[in-house]
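Listed below, chain by chain, are the residues.
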Amino acid sequence: MKQYVMVVLWIFVLSTSLGFAQTNPNSILEDFKPSAFNQPGQEYPKVNSQGYARFQIAAPEAKSVVVSLGLGGAKGGTVLVKDQDGYWRGTTAGAMDEGFHYYHVTVDGGIFNDPGALNFFGSTRWESGIEIPAHDQDFYALKQVPHGNVQQILFPSKSTNTSRRAFVYTPPGYHKDKNTKYSVLYLQHGWGEDETAWSNQGRVNLIMDNLIAEGKIKPFIIVMTYGMTNDVKFGGLASFKIEPFQTVLVDELIPYVDLNFRTVSNQANRAMAGLSMGGMETHSITLNKPEVFSHYALLSGGIYKPEEIKVKSKVKLIFISCGSREKPEGVQTAVKNLKESGFNAVSYVSENTGHEFLTWRRSFKELAPLLFK
């Protein structure tokens, strides 16, 4: 288990720094627009149609301002230049990868968030976020369609002696039709993130709304909760044990959800999925509790081997995905082996992405229509 966790974490660290496509500065198009994740009314940061990002920070007394891109501040970054008006400005040296990215600003050695951008919990802290428009962003766009509801719940946890938080997505019409019951997906975040990640960074509620409006999926409930029962610092994930969180999820959260929401409360209508560390949690808990979940999904979170699954008849679906920069051969080989052993297994590889939210948004879009068929 320790080796498995460290491999997943190492992939995460290596691939969260942003990729750049070097371009002649003279060829940068001046069609910059505010990022979709800016604070209300803020013009910067801006992005252009090529994927470049431009920043502006007010720090008239500063000696140095650098925009750090990637997990925890990758080395280098975009060095801003001070203008006479006291603002520091600069443009990335190359086009950034499409999709969502964390970043922060280093001012004279101190780390701060960009006051122009919204904040997102990642890298075990609240970081600034920037959205580089993707060529296929329509599937997670905010559209004029019926929308579901994402609500916060607090559920009692005797094992941790506290009340814990979860977010629950209910599909459009849930509160009007009091007779319909729904299947449930328990969806886990990655390391350094929390239960807000899938709806804030992943836009999972918008993906669901759009798929439902297009008639591509059967509506279901999604439950997202924090995947840790203790604080784990960077480098200490090898000591993480699944059993305490498994107790929270299986013995405390699931009964609470079944009691307070209109669910089809049986194994056949319950799924678990997760990205990165959440995939590791999904892998362990689904193998430990085959009587609880029938649909399994690992998004950049490892693989299943046929010999690991003790009760084959209880598994309705195994979905494994990753980005094309994340050794997709391992995912494809694993699914091939599962199929040869008689499992309903599906692989998906996101083109031109790594360990990042565009991979996981795309993966969820492919997963959702396969659930609870």
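Residues numbered from 1 in each chain as written. Predicted model: local features only at pLDDT ≥ 70, side-chain atom pairs only at ≥ 80, totals over all residues. Heavy atoms only, no water.

### Observations regarding the overall build of the protein
Selection criterion: Runs of H or I in DSSP of at least four residues are treated as helices and runs of E of at least two as strands, each being numbered from the N terminus. Exposure is judged per residue with a 1.4 Å probe applied to protein chains only, and the accessible area is read against the type maximum: over 50% gives exposed, under 20% gives buried, and values in between give partly exposed. Contacts are residue-level and defined by heavy atoms, with any inter-residue pair within 4.5 Å sufficient.
Regarding its fold elements, the protein presents seven helices and 21 strands. Buried positions account for 53% of the 373 residues belonging to the protein. Pairs at least 24 apart in sequence give 69% of the contacts found in the protein among residues at least 6 apart.

### Observations regarding the confidence of the model for the protein
Reading predicted coordinates in detail is not appropriate for stretches of low pLDDT. Quick reminder of the rule: Scored from 0 to 100, pLDDT records how confident the predictor is in each individual residue.
With 89% of its residues at a pLDDT of 70 or more, the protein shows a mean pLDDT of 90. Predicted confidence is poor over residues 1-23, with pLDDT under 50, and the contacts of this stretch with residues over four places away or in other chains come to 50 contacts.

### Remarks on the packing of helix 3 (residues 204-213) against helix 7 (residues 357-367)
As a reminder of what qualifies: As a rule, the C-alpha atoms of each element are fitted with a line to give its axis, helices using only the stretch in contact, and angles between N-to-C directions run from 0 to 180 degrees. In this scheme the handedness of a crossing depends on how the near helix is turned from the far one: anticlockwise by less than a right angle means left-handed, clockwise means right-handed. Under the convention adopted here, Pro, Cys and the residues Ala, Val, Leu, Ile, Met, Phe, Trp and Tyr are nonpolar, Asp, Glu, Lys and Arg are charged, and Gly plus all remaining residues are polar.
Contact geometry of helix 3 with helix 7 gives a least axis separation of 10 Å together with a crossing angle of 35 degrees. Seen along the crossing, helix 3 lies across helix 7 with a hand that is right-handed. Residues Val-204, Ile-207, Met-208 and Leu-211 of helix 3 form the contact with helix 7, whose own contacting residues are Arg-361, Phe-364 and Lys-365. Along the lines of polarity and charge, the residues of the contact of helix 3 with helix 7 split into five nonpolar, no polar and two charged.

### A closer look at the packing of aromatic side chains
Two aromatic rings, taken as a pair, are described by how far apart their centres are and by the angle between their planes. The line we're drawing: Between the rings of Phe, Tyr and Trp (Trp by its six-membered ring), a pair exists once the centres lie within 6.5 Å; its type follows the angle of the planes, with under 30 degrees stacked, over 60 edge-to-face, and the other angles tilted. When the NZ atom of lysine or the CZ atom of arginine is within 6 Å of a ring's centre and also within 35 degrees of its normal, the charge is said to sit over that ring.
Summed over the entire model, instances satisfying the criterion amount to 17 aromatic pairs. Pairing Phe-155 with Tyr-256 gives two aromatic rings, centres 6.4 Å apart and planes at 45 degrees, and the pair type is tilted. Note that Phe-155 is positioned in strand 14 (residues 149-157) and Tyr-256 in helix 4 (residues 242-260), a separation of 101 residues in sequence. You can call Tyr-256 partly exposed: its relative accessible area is 23%. Centre to centre, the rings of Tyr-174 and Phe-261 are 6.5 Å apart; their planes meet at 45 degrees, and the pair counts as tilted. Taken together, the residues Tyr-174 in the loop between strand 15 (162-170) and strand 16 (184-188) and Phe-261 in the loop between helix 4 and strand 18 (270-275) connect sequence positions 87 residues apart. The exposure class of Tyr-174 is buried, given its relative accessible area of 5%. Geometry around Phe-32 places Arg-54 over its ring, the cationic atom sitting 4.0 Å from the centre. Here Arg-361 stacks its cationic end above the ring of Tyr-140, 4.3 Å away from the centre of that ring.

### Overview of unusual backbone geometry
The omega torsion across Tyr-44 and Pro-45 is 5 degrees, close enough to zero to call that bond cis. Mapped onto the elements of the fold, Pro-45 is located in the loop between strand 2 (33-34) and strand 3 (46-47). Of note, Ser-123 is a non-glycine position whose phi angle comes to about 60 degrees, a positive value. Judged by its relative accessible area of 11%, Ser-123 falls in the buried class. Residues other than glycine seldom take positive phi values, yet Ser-276 does so here, at roughly 50 degrees. With respect to the secondary-structure elements, Ser-276 resides in the loop between strand 18 and helix 5 (277-288). Residue classification places Ser-276 among the buried positions, given a relative accessible area of 2%.

### Some thoughts on the nonpolar core
The nonpolar side chains of a soluble globular protein tend to be buried, and buried together. Applicable threshold: Nonpolar core, defined: a set of buried Ala, Val, Leu, Ile, Met, Phe, Trp, Tyr and Cys residues in which side-chain atoms within 4.5 Å join the residues together.
Counting residues in each nonpolar core, the largest one holds 42 residues, and the members touching the most others are Tyr-186, Val-223, Leu-253, Phe-293 and Ile-318. Considering every element that reaches this core, the biggest residue donor is helix 4, with eight residues. In this structure Phe-293 touches Tyr-186, Leu-249, Ile-254, Gln-267, Arg-270, Ala-271, Met-272, Ile-285, Thr-286 and Lys-314, once residues within four positions along its chain are discounted. Membership of the second largest hydrophobic core comes to 38 residues, among which are Tyr-102, Ile-212, Phe-220 and Leu-358.

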